[in-house]
Amino acid sequence: MTSSAQRVLHDCRDTWAATLLSLAESDERVVAVVNDSIGSSKLGGFEKVLPERTINVGIAEQDMVGIAAGLANGGRIPFVSAAGCFLTARAMEQIKADVVYSQYNVKLIGQSPGVAYGDLGPTHHSIEDFAWLRALPGIVVVAPADPRETEQVIRWAARHEGPVYVRVSRMGVPDVYPEDYEFVPGRAVTLREGDDVTLIGTGTTVTRVLDAADLLANEGTSARVLAMPTVSPLDADAVIAAARETRGLVTVEEAMVTGLGGAVAEVLAENAPAPLHRIGFREFATTGSAQHLLDAVGASPAGIAERARELVAH
């Protein structure tokens, strides 16, 4: 792989904004609903071109989701864009009752998720969203890994009839997928074959997992790498196969380990018990850059490789 120092890093919010405008220009049902977050959602261009379809409710997340549910009930396709921490925490009741229970066609876009707002501290971190939202039946929870996947997920969400939550990363990420990649909801992507250990990443951690696999390969350890863009519904078949064909699994997420890690643990417990290390947050993160906070919980390539070595050694 290209070294991290040589990679071109992309802000997936640019891709999200361009894709939404493209969709809206070809489908008058598409509208943007935001909470005074035009700038951080990078929707300035959208607002300029389609001001009548840009609904800014101010700092009122509960109203924002409720309005989106009403728009969906009226035949629109609302994309609700807000910082992941405020969208999923402040408006959780509306997400549960107005959107998911009612199965309204609302697309929730969690901007700058995980610890992207690192220096602003736990109030601005969104590390609980996976765990909260995967507990709700009937909503698809997705974390794209790069711009290509981000565009495909947003376009798929517009076509999909029903609630969707998409994480759009603020932290720069390199290209992960080839040009012919096609996002399929609920399906893991095998980025690297291996039969010693399985590494599973989602969103911004996919690159870190690939780098860890390179470190292990240099030592003669064969690591299977799975990108898991859809946290819910999870690709249980891929997890079960990994449990049966390798010595153990390591999950890595920019979230509490009760998210992707918890979902994988449930699949293993019910279908194919296997050793599992879950890398992510287990308590409120402190303040600091996103890179620092991820490294601190062992989500660096070296930290991931170390947990994998522990599984291979047993």
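From a predicted model like this one, the values you see are computed outputs, not experimental measurements. (Residues numbered from 1 in each chain as written. Predicted model: local features only at pLDDT ≥ 70, side-chain atom pairs only at ≥ 80, totals over all residues. Heavy atoms only, no water.)

1. Things to note about the overall build of the protein chain
Item 1. Each helix and strand in the protein chain was counted, giving 12 helices and 12 strands.
Item 2. Here the C-alpha radius of gyration of the protein chain, 19 Å, is about what a compact globule of 314 residues would show, namely 20 Å.
Item 3. Across its three principal axes, the protein chain shows a C-alpha extent of roughly 60 × 40 × 40 Å.
Item 4. Considering only contacts within the protein chain whose residues lie at least 6 apart along the sequence, 77% involve residues at least 24 apart.
Item 5. For the protein chain, the exposed surface amounts to about 12600 Å²; the carbon and sulfur share of it is 48%.
Item 6. The protein chain carries 26 positive and 40 negative side-chain charges, and their two centres are separated by 0 Å. (Helix = DSSP H or I, 4+ residues; strand = E, 2+ residues; numbered from the N terminus. Rg over C-alpha atoms; globule rule 2.2 N^0.38 Å. Contact = heavy atoms within 4.5 Å. Areas by Shrake-Rupley, 256 points an atom, 1.4 Å probe, with all protein chains shown as cover. Lys, Arg positive; Asp, Glu negative; His and termini not counted. Charge placed at Lys NZ, Arg CZ, Asp CG, Glu CD.)

2. Comments concerning empty space enclosed by the protein
Item 1. This structure, assessed with the given rule, holds 1 cavity of 30 Å³ or more.
Item 2. By volume, the largest cavity amounts to about 80 Å³.
Item 3. Residues belonging to the lining of the largest cavity are distributed by class as follows: 5 nonpolar, 4 polar and 2 charged. (1 Å grid on protein atoms, 1.4 Å probe; cavity = no way out; pocket = protein on both sides within 12 Å on 5 of 7 lines; lining within 4 Å. Points joined across faces, edges and corners; volume = space filled by probe spheres on them. Nonpolar A, V, L, I, M, F, W, Y, C, P; charged D, E, K, R; others polar.)

3. Thoughts on the packing of helix H1 (residues 12-26) against helix H7 (residues 147-159)
Item 1. One can describe the packing of H1 onto H7 by two numbers: an axis separation of 9 Å at closest approach and a directional angle of 35 degrees. At the point where H1 passes H7, the crossing takes the right-handed sense. Facing Cys12, Thr15, Trp16, Thr19, Ser22 and Leu23 of H1, the residues of H7 in contact are Pro147, Thr150, Glu151, Ile154, Arg155 and Ala158.
Item 2. Classifying every residue of the contact of H1 with H7 gives 6 nonpolar, 4 polar and 2 charged. (Axes fitted to C-alpha atoms, helices over the stretch in contact; angles between N-to-C directions. Left-handed = near helix turned anticlockwise from the far one by under 90°.)

4. Some remarks on the packing of aromatic side chains
Item 1. Applying the stated rule across the entire model yields 3 aromatic pairs.
Item 2. Look at tryptophan 16 and phenylalanine 79: their rings are 6.2 Å apart centre to centre, the planes differ by 45 degrees, and that puts the pair in the tilted class. One end of the pair, tryptophan 16, is in helix H1; the other, phenylalanine 79, is in strand S3 (residues 77-83), and 63 residues separate them in sequence. One exposure class covers both tryptophan 16 and phenylalanine 79, and it is buried.
Item 3. Aromatic pair tyrosine 177 and tyrosine 181: ring centres 3.9 Å apart, planes at 15 degrees, arrangement stacked. Tyrosine 181 carries the same exposure label as tyrosine 177, and that label is buried. (Phe/Tyr/Trp six-rings, centres within 6.5 Å; stacked < 30°, edge-to-face > 60°. Buried < 20%, exposed > 50% of the residue type's maximum accessible area, 1.4 Å probe, protein only.)

5. Overview of the nonpolar core
The tendency in soluble globular proteins is for nonpolar side chains to be buried side by side.
Item 1. Ranked by internal contacts, the top residues of the largest apolar core, which has 63 residues, are Trp16, Leu43, Phe79 and Leu199.
Item 2. Sorting elements by how many residues they give to this core places H1 first, with 7 residues.
Item 3. Leucine 199 has contacts with Val209, Ala212, Ala213, Leu216, Ala223, Arg224, Val225, Leu226, Val250, Ile304 and Ala308, leaving out every residue within four places of it along the chain.
Item 4. Formed by 26 residues, the second largest nonpolar core is a distinct cluster that contains Ile95, Leu133, Leu136 and Val141. (Core = buried A, V, L, I, M, F, W, Y, C linked by side-chain atoms within 4.5 Å.)

6. What to know about the pairing of strand S12 (residues 276-281)
Item 1. The pairing of strand S11 (residues 249-256) with S12 spans 5 bridges and is classified as parallel. Within S12, the residue paired with leucine 249 across the bridge is leucine 276.
Item 2. Of the crossover connections in this fold, the one passing from S11 over helix H10 (residues 260-271) to the parallel S12 is right-handed. (Pairing = 2+ DSSP bridges. Right-handed = clockwise from strand over helix to strand, strands pointing away.)

7. What about the sheet that holds strand S1 (residues 30-34)?
Item 1. With mixed pairing, 7 strands are arranged side by side in an open sheet as S2-S1-S3-S4-S6-S5-S10. The open sheet has two free edges, formed respectively by strand S2 (54-56) and strand S10 (230-232), since each of these has just one partner strand. Geometrically, the sheet is characterised by an average inter-axis angle of 20 degrees between neighbouring strands, direction not taken into account.
Item 2. As paired elements, S3 and strand S4 (residues 107-111) share 5 bridges and run parallel to each other. Across the sheet, residue valine 80 finds its bridge partner in S4, namely leucine 108.
Item 3. Across the face of the sheet, H1 comes into contact with S1, S3, S4 and strand S6 (164-168) while running at roughly 135 degrees to S1.

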